[in-house]
Amino acid sequence: MENENIQDNTNPEDFDSLHEAQLRLVHAMLISRYHDTPESVSRRVDNVYLSIKHSSGIWHHTWLKVATSMAAGLLIIIGLSFLFSNPDNVYADFDNIMKRFSTCDQTYEITIHKIQNIDSNENNKPTRLDIRNIKTMREINGATLYVRGNQYVLERTLKDGTLIYNGFDGTNKWRSDKAEPRKFSKPGSIHRVVPEGVTDLLFVDIGELLNVMCNKYKVTRGRDNIGNMTGLYYVAFKKNIPALRLPERIDLWVDPDNGQIKKLFCINVSFETKKYNMVITLKNTDQLPPDWFCHRLPDTKSEGELDIN
Amino acid sequence: MDRNSKDLFAVLVSENSSMLLAYIRASIDDQSIVDDIYQETMVTAWRKLADYDRSRPFARWLRGIAHKLILSYYSKQKKKPIYCEETVLTHIENEMIIVESKTGDTWEDKTEVLEKCINKLPENFRMTIQLHYKEEHKTEEIAEIMEASREAVKKRLQRARAMLAECLKRNRLFSDSVEASGK
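Here the structure is a predicted model, which means the values were calculated and not measured. (Residues numbered from 1 in each chain as written. Chains lettered and ligands numbered in written order. Predicted model: local features only at pLDDT ≥ 70, side-chain atom pairs only at ≥ 80, totals over all residues.)

K.L.:
How should the overall build of chain B be read in this particular structure?
P.N.:
When helices and strands are tallied, chain B shows ten helices and zero strands. Scanning chain B from its N terminus toward the C terminus, one meets helices and strands in the order α-α-α-α-α-α-α-α-α-α. Taken across its 183 residues, chain B has 37% of its residues classed as buried. For chain B, contacts bridging at least 24 residues in sequence account for 61% of all contacts bridging at least 6. (Helix = DSSP H or I, 4+ residues; strand = E, 2+ residues; numbered from the N terminus. Buried ≥ 20, exposed ≤ 12 C-beta atoms within 10 Å, placed from the backbone. Contact = placed C-beta atoms within 7 Å.)

Listed below in structure tokens is the structure:
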């Protein structure tokens, strides 16, 4: 929604502060009335808890930060080891896979498939909101995700060809787009790290996604040599609690030789009134520049970085 | 933090989210900044929950945190909009207190009269409001739909909001004078 002058008369001499306050409240109440659905408010509250979780991990002492990261990594490994200690025991060495995952540079391509309505609305016509969401999803379709451990950069292209980057260097989240220098979010603030409206999609933070899978999903099946992806470990996770707004199922293909996640298939990702299937496929493992994931001043570039400003 | 405090916080956050969003939106236009301030307010509230005096309204305490963050945000801006003046922000807070005093369990219940006021708007004003806020059309798009100039649409939006404010005053959701607002 574009910004408008709320008060008709903006001449400072005639400015009526009470009238302005009331007009601004009307403006805010109208947005609330039409856009704050119980679902969107609930999502914001979820984000608050996610943010609290993130911010509570921010310590003043480096050693404590390192210890916390190690503990978190260990928890992922223990959690995954537990998950994989099924009779087949084919994933017993998944901890090694996770260790390798955190050290390799990986570049993924994201594709969105099969958009379907959750609730068909009147006349089955897409609403304005649906159109906006589909637009956002189209931007993500074909996006590139660079990952190094818990650092990542999401690169997506707008309809007009503009490239937008959202990144996290392990400490700071940042964003840059067409005419603006890179922006930073304060630690604990998560809103700019992924495109607006899709903050609850965990796909950009694969480490966090795996963590969530440990806690909220159960392994339903696992075997190797699936389809044409011979030699890969395959495992399917199913959501434990149906009401959670997370993908219903997540399938994972991992190369046992080097621990790289070759493919992540998120099935039935709920977003507003739509459901999507999202495929995150490994494109290459080229070593990226050391500071690829870091924020930097507007006029400085990482070697090989596209000129985006 | 003990379990009771965490449970209390969970309930209070859910109950006050819509109110807090409305308060921040009334003070700031940029939606991404609104989101950030909302988030930071809640996280600060979580950290300072031990300081919260439970005999006082949680909503006001929350807005107090948001108010400081809003002022901090504007203090860093080179060009400040006229509506971010302290007097306007104070009036917004006073009007929020009036809204809170109304009957209803939720913010939506307390502001339900707005729907009645929208329905009372003349047809072209109501349509403009709905196209802009509900359908999220830009003014030039509305101009095209309604076969009017962009300026005319902007004026119509301003007039419609003023009419809604008058209607809310008549329904005692807003104060009708500075004295009443400051009470």
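K.L.:
Teacher, can you tell me more about the overall build of chain A here?
P.N.:
Assigned secondary structure in chain A consists of six helices and eleven strands. Counting across all 309 residues of chain A, residues that qualify as buried make up 32%. Long-range contacts, defined as pairs at least 24 residues apart, comprise 50% of the intrachain contacts of chain A with a sequence gap of at least 6.

K.L.:
Help me understand the confidence of the model for chain A in this model?
P.N.:
Residues and elements named next belong to chain A. Taken over all residues, the pLDDT of chain A has a mean of 65, while the share at 70 or more is 49%. Taken element by element, chain A is modelled with least confidence in helix H3 (residues 62–84), mean pLDDT 41, and with most confidence in helix H1 (residues 17–35), mean pLDDT 91. Ignoring residues within four places in sequence, the model shows residues 57–93, a span with pLDDT below 50, making 35 contacts including any to other chains. Taken together, the stretch residues 196–200 has pLDDT below 50 and engages in twelve contacts with residues farther than four places along the chain or on a different chain. (pLDDT = per-residue confidence, 0-100.)

K.L.:
Which parts of the structure should I look at to understand the nonpolar core?
P.N.:
The tendency in soluble globular proteins is for nonpolar side chains to be buried as a group. Core analysis: the largest hydrophobic core is formed by 53 residues, its most contacted members being Tyr23, Ile24 and Leu164 of chain B. Elements represented by at least two residues in this core include exactly H1 of chain A together with helix H1 (3–27), helix H2 (31–47), helix H3 (58–75), helix H4 (86–100), helix H6 (113–120), helix H7 (123–134) and helix H9 (150–170) of chain B. With residues up to four places along the chain from it excluded, the contact list for isoleucine 24 of chain B reads Val34, Ile37, Tyr38, Ala66 and Ile70 of chain B. The next biggest cluster of nonpolar side chains, apart from the first, holds 37 residues, and it includes Ala143, Val153, Ile206 and Met213 of chain A. (Core = buried A, V, L, I, M, F, W, Y, C linked by C-beta atoms within 7 Å.)

K.L.:
Explain the pairing of strand S2 (residues 144–148) of chain A here, please?
P.N.:
Within a regular strand, side chains alternate between the sheet's two faces. For S2 of chain A, a buried count of four out of five residues is recorded, marking the element as mostly surrounded by other parts of the structure. Taking the residues between adjacent antiparallel strands as the criterion, S2 of chain A and strand S3 (residues 151–157) of chain A are bridged by two residues, where glycine 149 of chain A takes a positive phi near 60°. (Pairing = 2+ DSSP bridges.)

K.L.:
Honestly, unusual backbone geometry in this entry has me stumped. Any pointers?
P.N.:
Glycine aside, residues mostly have negative phi angles, and peptide bonds mostly take the trans form. All names here are of chain B. Positive phi, normally seen in glycine, also occurs at glutamate 147, with a value near 55°. Among the secondary structure elements, glutamate 147 is positioned in the loop between helix H8 (139–146) and H9. Judged by C-beta crowding, with 7 C-beta atoms within 10 Å, glutamate 147 ranks as exposed. Here arginine 172, not a glycine, exhibits a phi torsion of approximately 60°, which is positive. Mapped onto the elements, arginine 172 comes out in the loop between H9 and helix H10 (178–182). For arginine 172, a count of 13 C-beta atoms within 10 Å puts it in the partly exposed group.

K.L.:
Which parts of the structure should I look at to understand the packing of H8 of chain B against H9 of chain B?
P.N.:
Two numbers describe a pair of packed helices, the interaxial angle and the distance between the axes. All names here are of chain B. Viewed as axis vectors pointing N to C, H8 and H9 meet at an angle of 105°, and their least axial separation amounts to 8 Å. As the angle between them shows, H8 and H9 are arranged roughly perpendicular. Residue-level contacts link Thr139, Glu140, Ile142, Ala143 and Met146 of H8 to Arg150, Val153 and Lys154 of H9. Partitioned by chemical class, the residues of the contact of H8 with H9 number four nonpolar, one polar and three charged. (Axes fitted to C-alpha atoms, helices over the stretch in contact; angles between N-to-C directions. Parallel < 35°, antiparallel > 145°, perpendicular 65-115°, else oblique. Nonpolar A, V, L, I, M, F, W, Y, C, P; charged D, E, K, R; others polar.)

K.L.:
Honestly, H9 of chain B in this entry has me stumped. Any pointers?
P.N.:
Note on helix geometry: an α-helix contains 3.6 residues per turn, so any two residues three or four positions apart are oriented the same way. With 21 residues, H9 of chain B should cover 30 Å at 1.5 Å per step; its first-to-last C-alpha distance of 30 Å lies within 8% of that length. What H9 of chain B keeps buried is the set Val153, Arg156, Leu157, Ala160, Arg161, Leu164, Ala165, Cys167 and Leu168 of chain B. Where H9 of chain B is buried, its residues meet H1 of chain A together with H6, H7 and H8 of chain B. Looking one or two residues beyond H9 of chain B, the residue adopting positive phi is arginine 172 of chain B, at roughly 60°. (Expected span 1.5 Å × (residues − 1).)

K.L.:
Teacher, can you tell me more about the confidence of the model for chain B here?
P.N.:
Close inspection of predicted coordinates is inappropriate for parts of the model with low pLDDT. Residue and element names in this part refer to chain B. For chain B, per-residue confidence averages 86 on the pLDDT scale, and residues scoring 70 or more make up 91% of the total. Of all helices and strands in chain B, the one with the weakest mean pLDDT is H10 (56), whereas H9 scores best (94). In the model output, the complex is listed with pTM 0.51 alongside ipTM 0.92.

K.L.:
Whenever I open this one, the environment of glutamine 151 of chain A confuses me. Can you help?
P.N.:
Residues and elements named next belong to chain A. Following the sequence through the fold, glutamine 151 ends up in strand S3. Under the C-beta neighbour-count criterion, glutamine 151 is labelled buried, with 20 such atoms within 10 Å. For glutamine 151 and lysine 173, which are 22 residues apart along the polypeptide, the C-alpha to C-alpha distance reads 9.5 Å. With sequence-adjacent residues up to four places away left out, glutamine 151 is seen in contact with Phe168, Asp169, Gly170 and Phe293.

K.L.:
Is there a simple way to think about the environment of aspartate 291 of chain A in this case?
P.N.:
Relative to the elements of secondary structure, aspartate 291 of chain A occurs in the segment after strand S11 (274–284). Through-space distance from the C-alpha of aspartate 291 of chain A to that of aspartate 169 of chain A is 8.6 Å; in sequence the pair is 122 residues apart.

K.L.:
Mind showing me how you'd approach the environment of glutamate 248 of chain A here?
P.N.:
Within the secondary structure, glutamate 248 of chain A is located in the loop between strand S8 (229–239) and strand S9 (249–254). Aside from chain neighbours lying at most four places away, what touches glutamate 248 of chain A is Lys239, Ile267 and Asn268 of chain A.

K.L.:
What is the right way to look at the packing of H3 of chain B against H4 of chain B in this model?
P.N.:
Residue and element names in this part refer to chain B. Packing of H3 against H4 leaves a shortest axis separation of 12 Å and a crossing angle of 160°. As far as their axial angle goes, H4 and H3 are roughly antiparallel. The way H3 lies across H4 gives a crossing that is right-handed. From H3, Ala59, Arg63, His67 and Ile70 reach across to H4, where they touch Leu89, Glu93, Met96 and Glu100. (Left-handed = near helix turned anticlockwise from the far one by under 90°.)

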